[in-house]
Amino acid sequence: MEKKEFKAESKRLLEMMINSIYSQREVFLRELISNSSDAIDKIYYRALTDEQLEFKQENYFIKLAADKENRTLTISDTGIGMTKEDLENNLGIIAKSGSLAFKNENELKDDHNIIGQFGVGFYAAFMVADVVTVISKALGSEEAYKWESTGADGYTITSVKKETVGTDIILKIKENNEDEQYDEYLEDYRLKAIVKKYSDFIRYPIKMDLTSRKPKEGNDNEFEEYTEEQVVNSMIPIWKKNKSELTDEDYENFYAEKHYGFDKPTKHIHISVDGTVRYNAILFIPEKTPYDYYSKEFEKGLELYSNGVLIMSKCSDLLPDYFSFVKGMVDSEDLSLNISREMLQHDRQLKLIAKNINKKIKGQLQSLLKDEREKYEEFYKSFGRQLKYGVYSEYGSNKEVLQDLLMFHSSKEKALVTLDEYVSRMPEDQKYIYYASGESIERIEKLPQAELVAEKGYEILYFTEDIDEFAIKMIMSYKEKEFKSVSSGDLGIEEENNQNDSTDPSEHKELFDYMTSILSSKVKEVRASKRLRSHPVCLSTEGDLTIEMEKILNAMPD
Ligand code: ADP
Ligand code: MG
């Protein structure tokens, strides 16, 4: 029997592959610029060991030039270039996956830690171009070659003239059609913005000839156009600089430049780690709650860079929900450039970084609380609620991380206190951490239920937010002291010294039975209380739910 091969339209396959890897078309430029930067790096590393070769920084750059008439965009570099063989081997085989080969050779079943190296970065060019032409002259070679392709259906290589070592990539930009716009990739301002977004911290200058307008000499009302070569990237990222060189203002400027927020950050955290995973990060704790923070629209996440190149604007896996207010960026050399959103989630490196970052944020908040109390309280007013949600969610599994960061109003201080402060000043005979829930501090202060506790001189935490009591229920106890609502049936207070001590609980049984029957739909039982002082009556609860929690649960939509 004759065995036939499947026929596949390779061009369509290429398109599908590329479009499934890259979520946005504009990243083609990032990929090509990164390749150029890699090619210059290669000369740089060669020069370190080759005494014949001198690396003069000013001779190495990347240049972008758009030509609207001919619909071409050219990316040139002064990098190491490619020989004819390099062109065949590097650009001739689509998706020659280095990592797949690696995986097969090493019989790895778990694909989690080697995702990424698909070797398709270059082909991203076909997302925007019908024809891609590569003209390259390799270092140490006299000849130059032209590689040309219209996609997966093949390529040609011919001999050409090129003066200098390096590579020009010429993209014939696709025509606009009904659904898709390509003209923007011929607009200087758009190209500049893409460079700024993804490649701002490439170490070599990315140049463009940019046209601007200036007033004509001697006539302020008329303008003339002029063109000059500009470097559009800022090259040295602040996170690669030494902390000692940087001022608070530098960080604040970075925060503003990056549009992390309109406020001034309360604190920044600059991390440089050189361990199992190497990474740099600059994180910010904002001062003010973003307007959409407590809404569904809010998206948490940090910017993720791979060696200075942006690969994701909001990487949510880097932040737990309870620290979702943190802004900033992470740069790691150990992440691959080609990874897409979905694949990144399993990245082992990324998980390590996230864990590490989490610890740093907690540490920073703790020291803020310890050393800069006022600032911490400001922060807490903006984001404390999120921390409490954090305690409550995931069945309290985060309580260890978060409980020391919580604060509540207290009857003693008329201010916010931490659980640690509360417990450390408890009198010896006090068994529980008492709290009272209510709409406002004023309302709570009038609660009849709180009287006995207050008379004993015990401090009471005031819970004014819906989430407070739910969060506390998850913590259950702090430093071995359990929490107790002042409205719970058994307060755990020896009720000595009480003027009603002589009262026999059965004394007014008839009256109480009568009241119970009248109130039967509202209360379970009416009985004598020993905790009241100035008030004639109060409500109390049995079991886990307090009156306030019941109110909230009842108010929730089913
Ligand atoms: P990757 O960059 O992940 O290796 P790419 O598809 O982006 O995969 O590039 C494939 C290869 O082509 C590169 O590894 C490099 O050897 C070569 N290459 C691409 N662009 C250039 C360039 N501008 N200069 C020199 N070599 C290049
Ligand atoms: Mg690449």
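Cut-offs and rules
Residues numbered from 1 in each chain as written. Chains lettered and ligands numbered in written order. Predicted model: local features only at pLDDT ≥ 70, side-chain atom pairs only at ≥ 80, totals over all residues. Near = placed C-beta within 6 Å. Helix = DSSP H or I, 4+ residues; strand = E, 2+ residues; numbered from the N terminus. Nonpolar A, V, L, I, M, F, W, Y, C, P; charged D, E, K, R; others polar. Axes fitted to C-alpha atoms, helices over the stretch in contact; angles between N-to-C directions. Parallel < 35°, antiparallel > 145°, perpendicular 65-115°, else oblique. Left-handed = near helix turned anticlockwise from the far one by under 90°. Contact = placed C-beta atoms within 7 Å. pLDDT = per-residue confidence, 0-100. Buried ≥ 20, exposed ≤ 12 C-beta atoms within 10 Å, placed from the backbone. Pairing = 2+ DSSP bridges. Expected span 1.5 Å × (residues − 1). Arc of directions from axis to C-beta. Core = buried A, V, L, I, M, F, W, Y, C linked by C-beta atoms within 7 Å.

Here we take up the site of ligand 1. Taken together, 15 residues lie near ligand 1, and Asn35, Ala39, Asn90, Gly121 and Phe122 sit nearest. For the shell around ligand 1, the secondary structure elements donating two or more residues are helix H2 (27-49) and helix H3 (84-91). With four residues, H2 is the single largest residue contributor to the shell around ligand 1. Per-class residue counts for the shell around ligand 1 are six nonpolar, seven polar and two charged.

What follows concerns the packing of H2 against helix H5 (residues 188-199). Packed helix pairs are characterised by how far apart their axes lie and by the angle those axes make with each other. Taken N-terminus to C-terminus, the directions of H2 and H5 make an angle of 65°; their axes are 9 Å apart at the nearest point. Judged by the inter-axis angle, H2 sits roughly perpendicular to H5. Remark: the crossing between H2 and H5 carries right-handed chirality. On the side of H2, the interface is formed by Val27, Leu29, Arg30 and Ile33, while H5 contributes Leu191, Ile194, Val195, Tyr198 and Ser199. Looking at the contact of H2 with H5 residue by residue, the class counts come to seven nonpolar, one polar and one charged.

A separate point is the confidence of the model for the protein. If pLDDT is low for a region, its predicted coordinates should not be looked at in detail. Across the protein, pLDDT averages 85, with 86% of residues at or above 70. pLDDT under 50 marks residues 97-103. Its contacts with residues more than four places away, or in other chains, come to 12 contacts. Long-range and interchain partners of residues 106-119, a stretch whose pLDDT sits below 50, account for 30 contacts in this model, where long-range means more than four residues apart. Both scores are available for the predicted complex, with the pTM at 0.70 and the ipTM at 0.99.

Turning to its location among the elements, proline 320 is positioned in the loop between strand S12 (309-315) and strand S13 (327-332). Given 21 C-beta atoms within a 10 Å radius, proline 320 is considered buried. Along the backbone, proline 320 and glycine 301 are 19 residues apart, and their C-alpha atoms lie at a distance of 9.1 Å.

Pairing in this open sheet of six strands is mixed, and the strands run S15-S14-S17-S16-S19-S18 from one edge to the other. Each edge of the sheet is formed by a strand with only one pairing partner; in this case those strands are strand S15 (416-418) and strand S18 (477-478). Alignment of strand S16 (residues 433-437) against strand S17 (residues 460-463), held across four bridges, turns out to be parallel. Residue pairing in the sheet places alanine 436 in a bridge with tyrosine 462 of S17. Relative to S16, helix H14 (residues 466-475) is tilted by about 155°, and along the sheet it contacts strand S14 (407-410), S16, S17, S18 and strand S19 (481-485).

Before going further, it helps to examine the sheet that holds strand S6 (residues 166-173). Strand order in this open sheet of eight strands is S5-S4-S3-S6-S2-S1-S7-S8, and the pairing throughout is mixed. The open sheet has two free edges, formed respectively by strand S5 (155-160) and strand S8 (219-231), since each of these has just one partner strand. For this sheet, the mean inter-axis angle between neighbouring strands, taken without regard to orientation, is 20°. As paired strands, strand S4 (residues 144-149) and S5 are joined by six bridges and run antiparallel to one another. For tyrosine 145, the partnering residue across the bridge sits in S5 and is serine 159. Contacts from H5 reach strand S1 (62-67) and strand S7 (206-216) within the one sheet, and its direction differs from that of S7 by about 130°.

Pairing between strand S3 (residues 129-137) and S4: six bridges, direction antiparallel. Bridging from a neighbouring strand, valine 132 pairs with serine 149 of S4. Connecting S3 to the next strand, S4, in antiparallel fashion are six residues, including glycine 140 with a positive phi near 85°.

With that out of the way, let us pick up H5. Look at H5: 15 Å from first C-alpha to last across 12 residues, which is about the 16 Å you get at 1.5 Å a residue. Turning to H5, its buried residues are Leu191, Ile194, Val195, Tyr198 and Ser199. Around the axis of H5, the buried residues are gathered within 100° of arc, so they sit on the same side.

To continue, consider the nonpolar core. One recurring pattern in soluble globular proteins is that nonpolar side chains are buried together. Counting 112 residues, the largest nonpolar core has Ala125, Leu171, Val330, Ala436, Ile460 and Leu461 as the members making the most contacts within it. It is H2 that provides the largest number of residues to this core, a total of eight residues. Among residues more than four places away in sequence, those in contact with alanine 436 are Ile444, Leu447, Gln449, Ala450, Ile460, Tyr462, Phe463 and Val486.

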